[in-house]
Amino acid sequence: MHILHFAVGLIAGVFSGFLGIGGGIILVPALLYFFGMTQHQAQGTTLAIMLPPVFFFAVWKYYLAGHVNIPFAVFASVGLTIGAYLGAHTVMQVPEALLTKLFGIILILVGVEMVLLK
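> So what about the side chain of glutamine 39? Which residues, and what values?
Residue placement: glutamine 39 occurs in helix 3 (residues 39-64). Residue glutamine 39 is classed as buried on the basis of its relative accessible area, which comes to 1%. If near-sequence neighbours (up to four positions away) are discounted, glutamine 39 is found in contact with Val28, Leu32, Glu96, Leu99, Thr100 and Phe103.

Here it is as structure tokens:
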């Protein structure tokens with residue numbers, strides 16, 4: 001089983017480093033469908049999985065290449081920190097079925113927007 005966990009992380013890491021995606025688009029559905037987690041568990045576990053590698057390795061590579069806007073990142077991260085806390089607190093009140101549907105709808109809307117409007 002640990003090999004499967006590693007493989008899911010590896011795939012998500014490649015997508016995360018290559019396209020800036022991985023957590024929501026790769027990890028959450030994988031944890032739901034392949035590992036039987038609830039939507040809440042999948043989202044929380046995804047956040048825990050992403051923290052060290054995204055911060056320490058992916059950001060560092062982008063920074064060394066000159067592709068990180070530090071002032072923007074600092075201010076946005078303060079907002080993200082507050083928003084993530086409020087979102088994590090609020091989501092505990094959302095029923096599992098509704099949360100899964102909302103997650104799927106957002107993925108579809110973002111995908112359609114990127115394909116058709118960009």
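> Tell me about the nonpolar core, and name the residues and values.
Residues Val8, Ala12, Ile26, Leu27, Val28, Ala30, Leu31, Leu32, Phe35, Ala42 and Phe103 constitute the largest nonpolar core, which totals eleven residues. Taken together, the elements giving at least two residues each to this core come down to helix 1 (2-19) and helix 2 (23-33). Counting residues per element, this core draws most heavily on helix 2, at six residues.

> Which residues make up the confidence of the model for the protein chain, and what values do they have?
Across the protein chain, pLDDT averages 86, with 95% of residues at or above 70. Per-element mean pLDDT across the protein chain ranges from 81 in helix 1 up to 90 in helix 5 (residues 96-117).

> Just give me the short version of the layout of surface pockets, but keep the residues and values in it.
Here the largest pocket defines a volume of roughly 1,100 Å³. Every residue lining the largest pocket is counted, 32 residues in all, and those nearest its centre are Thr46, Leu47, Met50, Leu80 and Ala84. When contributions to the lining of the largest pocket are tallied by element, the ones reaching two or more residues are helix 2, helix 3, helix 4 (70-91) and helix 5. In terms of residue count, helix 3 provides more of the lining of the largest pocket than any other element does, twelve residues in total. Per-class residue counts for the lining of the largest pocket are 22 nonpolar, ten polar and no charged.

Scoring rules and cut-offs
Residues numbered from 1 in each chain as written. Predicted model: local features only at pLDDT ≥ 70, side-chain atom pairs only at ≥ 80, totals over all residues. Heavy atoms only, no water. Helix = DSSP H or I, 4+ residues; strand = E, 2+ residues; numbered from the N terminus. Buried < 20%, exposed > 50% of the residue type's maximum accessible area, 1.4 Å probe, protein only. Contact = heavy atoms within 4.5 Å. Core = buried A, V, L, I, M, F, W, Y, C linked by side-chain atoms within 4.5 Å. pLDDT = per-residue confidence, 0-100. 1 Å grid on protein atoms, 1.4 Å probe; cavity = no way out; pocket = protein on both sides within 12 Å on 5 of 7 lines; lining within 4 Å. Points joined across faces, edges and corners; volume = space filled by probe spheres on them. Nonpolar A, V, L, I, M, F, W, Y, C, P; charged D, E, K, R; others polar.

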